[in-house]
Amino acid sequence: MSITRYASSILPLLLMVATITISSVHSQQFQQPPTQQPLGEILHQLLDKDKNQKVTLDEVNSQVDMLELIFNPVDTSSGEDSNNKEVNEYKQLLSGFKSAAPTLFNLLDINQDKSLSKSELAHVTKFEKALKKGGGMRELLRDVFAIVDENTDELLSVDEIVNGCGNDQMITKISTRVLELFPLRSDADELKDFVSSSIESIVGGGGAVVDKESLVNGMKWIDDDGDGHISKKEVGKYYNLAGKKFMEISKTIKQLGPMLAMFGGMDMNGGSGGGDAFKMDL
């Protein structure tokens, strides 16, 4: 289906949403704001295309594919949105999420039934709360940094990161700490593979074996001063940037998500039934 045709099919829905939203805001100006649903519940509503109370990885990928389609300009020669900083940021986020989706899906799939229930997606709500002041995420990050920083110089070297990825005892410590904040498994051993792969992906290791050369290249995105080390300050900077962006997206989803889920979304074929539910506000 062409972008033009898709835009034509969704225009009436956009107008309806805008009208209802403006009317709702006007009528509630002097009322207490309604209580928003938790982020995990809204994501479950939006991602569950067939409404069987379970979200599959195919459903997640379908939504991401639709978002990627929306963020690709129809006419690149006009330059419309193609160089827009915010649009490009969302494209990068989508690309990163698409790569990480299978790993994150498996992590949230606590009972390993190849689908996510409402209770499993509730851990996304827990993650959102953890990002807020006093929520525990910042403390978790500091503790993980300290575990990997063997010489306690408040800098992570390539050698320390390579050792951390291959040190079973160190991975167990980190997994135990993660489990305290996010009880996604019954014991720390079940989280070890996820923790190890997460460290590798963050610093750009990748692959079955983490080597120094790949780490040196992978660390460049976070090593602002180019000294070959990752400092607490650098970690804090990118933690704040990522956390802020997550909270912005979360706020948008919670504001418009329930209404979009009520309409059922739009699928790739132009019909109803749970297509992308985020596109209207990004």
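Treat the numbers as computed from the prediction; the structure is a model and nothing was measured.

## Quick notes on the overall build of the chain
- Broken down by element type, the chain carries 11 helices and 2 strands.
- Ordering the α and β elements of the chain from the N terminus gives α-α-α-α-α-α-β-α-α-α-α-β-α.
- Taking the intrachain contacts of the chain between residues at least 6 apart in sequence as the baseline, contacts between residues at least 24 apart amount to 61%.
- Carbon and sulfur atoms make up 56% of the accessible area of the chain, which totals about 16,000 Å².

## Some words on the pattern of salt bridges
- Tallied over the entire structure, the rule returns 9 salt bridges.
- One salt bridge in this structure joins Arg177 and Asp143, with 2.6 Å as the shortest N-O distance. Highlighted residues: Arg177 in helix 8 (residues 168–181) and Asp143 in helix 6 (residues 137–148), separated in sequence by 34 residues.
- Given a relative accessible area of 33%, Asp143 falls into the partly exposed group.
- Of the charged contacts, one joins Glu154 and Lys232 as a salt bridge, the two residues approaching to 3.8 Å between their closest N and O atoms. Pair noted here: Glu154 is in the loop between helix 6 and strand 1 (155–156) and Lys232 is in helix 11 (residues 232–263), with a separation of 78 residues, a long-range link.
- Residue classification places Lys232 among the partly exposed positions, given a relative accessible area of 40%.

## Considering the packing of aromatic side chains
- What the rule picks out here adds up to 3 aromatic pairs.
- With centroids separated by 6.1 Å and ring planes inclined at 35°, the aromatic side chains of Phe127 and Phe182 adopt a geometry described as tilted. Taken as a pair, Phe127 in helix 5 (residues 118–131) and Phe182 in the loop between helix 8 and helix 9 (192–203) lie far apart in primary sequence, 55 residues in all.
- For Phe182, a relative accessible area of 9% translates into the label buried.
- A centroid spacing of 5.3 Å and a plane angle of 70° characterise the contact between Trp221 and Tyr238, whose relative ring orientation is edge-to-face. Highlighted residues: Trp221 in the loop between helix 10 (212–218) and strand 2 (230–231) and Tyr238 in helix 11, separated in sequence by 17 residues.

## Points about the environment of Lys54
- Within the element layout of this structure, Lys54 appears in the loop between helix 2 (39–47) and helix 3 (57–70).
- Separated by 10 residues in the primary sequence, Lys54 and His44 place their C-alpha atoms 7.8 Å from one another.

## With respect to the confidence of the model for the chain
- Residues at a pLDDT of 70 or more form 69% of the chain, whose mean pLDDT is 76.
- Confidence drops under a pLDDT of 50 for residues 74–78, and excluding neighbours within four residues, the segment shows 3 contacts in the predicted structure.
- For residues 265–282, every residue scores under 50 in pLDDT, and the model assigns this stretch 60 contacts once sequence neighbours within four places are set aside.

## Observations regarding helix 5
- Look at helix 5: 21 Å from first C-alpha to last across 14 residues, which is about the 20 Å you get at 1.5 Å a residue.
- Regarding helix 5, the residues found buried are Glu120, Leu121, His123, Val124, Thr125, Glu128, Ala130 and Leu131.

## Re the nonpolar core
- Counting residues in hydrophobic clusters, the biggest one holds 43 residues, and the most contacted among them are Ile161, Ile174 and Phe182.
- For this core, the leading source of residues is helix 8, giving 6 residues.

## Things to note about the packing of helix 2 against helix 5
- Where helix 2 contacts helix 5, the two axes come as close as 7 Å, and the packing angle between them is 135°. It follows from the interaxial angle that helix 2 and helix 5 lie oblique. In the crossing of helix 2 with helix 5, the sense of the turn from one axis to the other is right-handed. Contact with helix 2, carried on its side by Leu39, Gly40, Glu41, Leu43 and His44, involves Lys118, Leu121, Val124, Thr125 and Glu128 of helix 5 and no other residues of that element.

Reading the values: the criteria
Residues numbered from 1 in each chain as written. Predicted model: local features only at pLDDT ≥ 70, side-chain atom pairs only at ≥ 80, totals over all residues. Heavy atoms only, no water. Helix = DSSP H or I, 4+ residues; strand = E, 2+ residues; numbered from the N terminus. Contact = heavy atoms within 4.5 Å. Areas by Shrake-Rupley, 256 points an atom, 1.4 Å probe, with all protein chains shown as cover. Salt bridge = Lys/Arg side-chain N within 4 Å of Asp/Glu carboxyl O. Buried < 20%, exposed > 50% of the residue type's maximum accessible area, 1.4 Å probe, protein only. Phe/Tyr/Trp six-rings, centres within 6.5 Å; stacked < 30°, edge-to-face > 60°. pLDDT = per-residue confidence, 0-100. Expected span 1.5 Å × (residues − 1). Core = buried A, V, L, I, M, F, W, Y, C linked by side-chain atoms within 4.5 Å. Axes fitted to C-alpha atoms, helices over the stretch in contact; angles between N-to-C directions. Parallel < 35°, antiparallel > 145°, perpendicular 65-115°, else oblique. Left-handed = near helix turned anticlockwise from the far one by under 90°.

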